Amino acid sequence: WTIYDFQYLFLLILGIFLFYIIETPGIFFKILIVCTFAIGLYLPVPRKFFLPFLPIASWLVLFYSCRFIPGSKRPHIYVSVLPALENILYGDNLSVIIAKHTNTVKDILAWLPYGVIHFTLPFLTSAGLWWYGPPGILAVFSKSFGYMNLAGVLTQLIFPCSPPWYEYTHGMNTPAEYTMPGHPGGLARIDKLFGTNTYTKTFGGSPMVFGAFPSLHSGCAIIQALFISHVIPKFRPFCFAYVMWIWWACMYFTHHYMVDLVGGGFYAVVAFWIAWDYLPSVNKHFRNRWDY
């Protein structure tokens, strides 16, 4: 046992808390999930998957369980903090400027990274790291990705802030309440364009309505860019072009302020910095695959 192993004690305490507060599914399903992870962590072969997957699983369950935390037990929702910071740091509200003029072409260009690529890229990144990267790098990526998102959701719980769409819908001086439903922001135009209510329904029932800071869309994009660039440096320009693309989409759809995006990037850089000492060496054998 080392100080590094205290992460598992933290995950255990968090898991007990989540087991206690989750109301649905019922007790038998929760026990089944616990037994599955217990067996997976005990047996040597499945442990190779379950151990690095623990932080990701904890993040997903925590995000889902936010709906069961009573509003009376949660902190005050900050409505004007992020817009004020935006004006102090950048001299104006960049999200308002970017989202001011909309059209169908821009909607599609923003929808691709925000509503499609963001949800598929973690799987593609994992597959690419496993196939092209050195042995062990996928486990490091999984833990870094999971802990970064876990830290982000915990921050959103402790420091709940309203996103730009709240300012458009309710005004900056209207106090927010946890009973308020979520809003798809600019993604409502995508639902209208395709004749669906996918994003309206998804964001309307979100368990984390006031989780603007930090932006995990930004954090996920940047930590994936860092890992891919580490293994395949030639891809670095494309990786960070994607980061700029999704940053623009987040503000265009009024889901995040610029300060949220920078905050998410900070979480990603810190997670990658912590993981640096555990990254396996990318030797010439792997670099030669891409004609270095």
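Conventions used here
- Residues numbered from 1 in each chain as written.
- Predicted model: local features only at pLDDT ≥ 70, side-chain atom pairs only at ≥ 80, totals over all residues.
- Heavy atoms only, no water.
- Helix = DSSP H or I, 4+ residues; strand = E, 2+ residues; numbered from the N terminus.
- Rg over C-alpha atoms; globule rule 2.2 N^0.38 Å.
- Buried < 20%, exposed > 50% of the residue type's maximum accessible area, 1.4 Å probe, protein only.
- Contact = heavy atoms within 4.5 Å.
- Domains from an automatic or database assignment.
- Buried area = accessible area lost by both parts, 1.4 Å probe.
- Salt bridge = Lys/Arg side-chain N within 4 Å of Asp/Glu carboxyl O.
- Core = buried A, V, L, I, M, F, W, Y, C linked by side-chain atoms within 4.5 Å.
- UniProt positions renumbered as here; feature names shortened; annotations may be inferred.
- Patch = residues over 30% accessible without salt bridge, like charges linked within 9 Å, V, L, I, M, F, W, Y side chains within 5 Å.
- Areas by Shrake-Rupley, 256 points an atom, 1.4 Å probe, with all protein chains shown as cover.
- Phe/Tyr/Trp six-rings, centres within 6.5 Å; stacked < 30°, edge-to-face > 60°.
- Lys NZ or Arg CZ within 6 Å of the ring centre and 35° of its normal.

Enquirer: Could you give me a rundown of the overall build of the chain, with the residues and numbers involved?
Expert: Check the secondary structure of the chain and you find 14 helices and 0 strands. Taking 19 Å as the expected radius of gyration for a compact globule of 292 residues, we find that the chain reaches 20 Å, a close match to that expectation. Taken over the C-alpha atoms alone, the chain extends approximately 55 × 50 × 40 Å along its principal axes. Sorting the 292 residues of the chain into buried and exposed places 46% on the buried side. Within the chain, contacts between residues separated by at least 24 positions form 81% of all contacts whose residues are at least 6 apart in sequence.

Enquirer: Would you mind going over the domain arrangement of the chain in detail, with residue names and values included?
Expert: Split by domain assignment, the chain resolves into domain 1 (1-73) and domain 2 (76-291). Of the residues lining the interface, 19 residues belong to domain 1; the matching set on domain 2 comes to 18 residues. Of the roughly 1,600 Å² buried between domain 1 and domain 2, counting both surfaces, carbon and sulfur atoms make up 78%. Summed over the three residues of domain 1 that lose the most area to domain 2, namely Pro 52, Trp 59 and Phe 63, the buried surface amounts to 33% of that side. Between domain 1 and domain 2 we count 0 salt bridges in total.

Enquirer: Now, about the nonpolar core: what can you tell me, with residues and values included?
Expert: Core analysis: the largest hydrophobic core is formed by 57 residues, its most contacted members being Phe 227 and Phe 253. Among the elements of the structure, helix H1 (6-21), helix H3 (44-65), helix H6 (104-132), helix H7 (137-158), helix H9 (187-194), helix H11 (216-231), helix H12 (236-252) and helix H13 (258-275) are those that each provide at least two residues to this core. Sorting elements by how many residues they give to this core places H11 first, with 10 residues. No fewer than three residues from each of domain 1 (1-73) and domain 2 (76-291) sit in this core. Phe 253 has contacts with Asp 107, Ala 110, Trp 111, Tyr 114, Pro 184, Gly 185, Gly 186, Leu 187, Arg 189 and Ile 190, leaving out every residue within four places of it along the chain. Counting residues in each nonpolar core, the second largest holds 8 residues, with Ile 77, Trp 165, Val 209 and Phe 210 among its members.

Enquirer: Before we move on, could you go through the UniProt feature "transmembrane region" (unreviewed entry) in the chain and cite the residues and values that matter?
Expert: This chain's UniProt record puts "transmembrane region" (unreviewed entry) on residues 6-22, 49-66, 78-99, 111-133, 145-166, 208-228, 235-255 and 261-279. From the first C-alpha to the last, residues 6-22 spans 24 Å; its make-up is 94% helix and 0% strand. Taken end to end, residues 261-279 comprises 79% helix and 0% strand; its first and last C-alpha atoms sit 26 Å apart.

Enquirer: Account for a nonpolar patch on the surface, with residues named and values stated.
Expert: Taken together, the side chains of Ile 3, Phe 6, Leu 9, Leu 12, Ile 13 and Ile 16 make up a nonpolar region of the molecular surface, amounting to roughly 670 Å² of accessible area. Within the secondary structure layout, Ile 16 lies in helix H1. Residue Ile 16 is classed as exposed on the basis of its relative accessible area, which comes to 55%.

Enquirer: How would you summarise the packing of aromatic side chains if you had to cite specific residues and measurements?
Expert: Tallying each qualifying case throughout the model produces 24 aromatic pairs. Seen in terms of ring centroids, Phe 49 and Phe 53 are 5.2 Å apart; in terms of plane orientation they differ by 15°. Their pairing is stacked. One end of the pair, Phe 49, and the other, Phe 53, are both in helix H3, 4 residues apart, so they sit about a helical turn from each other. Phe 53 gets classed as partly exposed once you look at its relative accessible area, which sits at 25%. Chaining the aromatic ring pairs together yields one cluster made of Trp 59, Phe 141, Phe 145, Phe 227, Phe 272 and Trp 276. Positioned over the ring face of Phe 19 is Lys 30, at 4.9 Å from the centre of the ring.

Enquirer: Tell me about the pattern of salt bridges, and please be specific about residues and values.
Expert: Inspection of every chain in the model, using the stated rule, returns 1 salt bridge. Two residues, Arg 189 and Asp 107, come together in a salt bridge whose shortest N-O distance is 3.0 Å. In this pair, Arg 189 sits in helix H9 while Asp 107 sits in helix H6, placing the two residues 82 residues apart along the sequence.

Enquirer: Give me the UniProt feature "domain: Inositolphosphotransferase Aur1/Ipt1" (unreviewed entry) in the chain: which residues, what numbers.
Expert: What UniProt calls "domain: Inositolphosphotransferase Aur1/Ipt1" (unreviewed entry) maps, in this numbering, to residues 99-274. Here residues 99-274 is 70% helix and 0% strand, with 35 Å between the C-alpha atoms at its ends.

Enquirer: Lay out the side chain of His 255 in plain terms, naming residues and giving numbers.
Expert: Checked against the element boundaries, His 255 lands in the loop between H12 and H13. For His 255, the residues in contact, after removing those within four places along its chain, are Tyr 114, Pro 163, Pro 164, Trp 165, His 183, Pro 184, Gly 185, Leu 187, Phe 203 and Cys 250.

Enquirer: Report on the environment of Phe 63, specifying residues and quantitative values.
Expert: On the secondary structure map, Phe 63 appears in helix H3. We classify Phe 63 as partly exposed; its relative accessible area is 31%. Residues Phe 63 and Gln 156 lie 93 residues apart in sequence; the distance between their C-alpha atoms is 10.0 Å.

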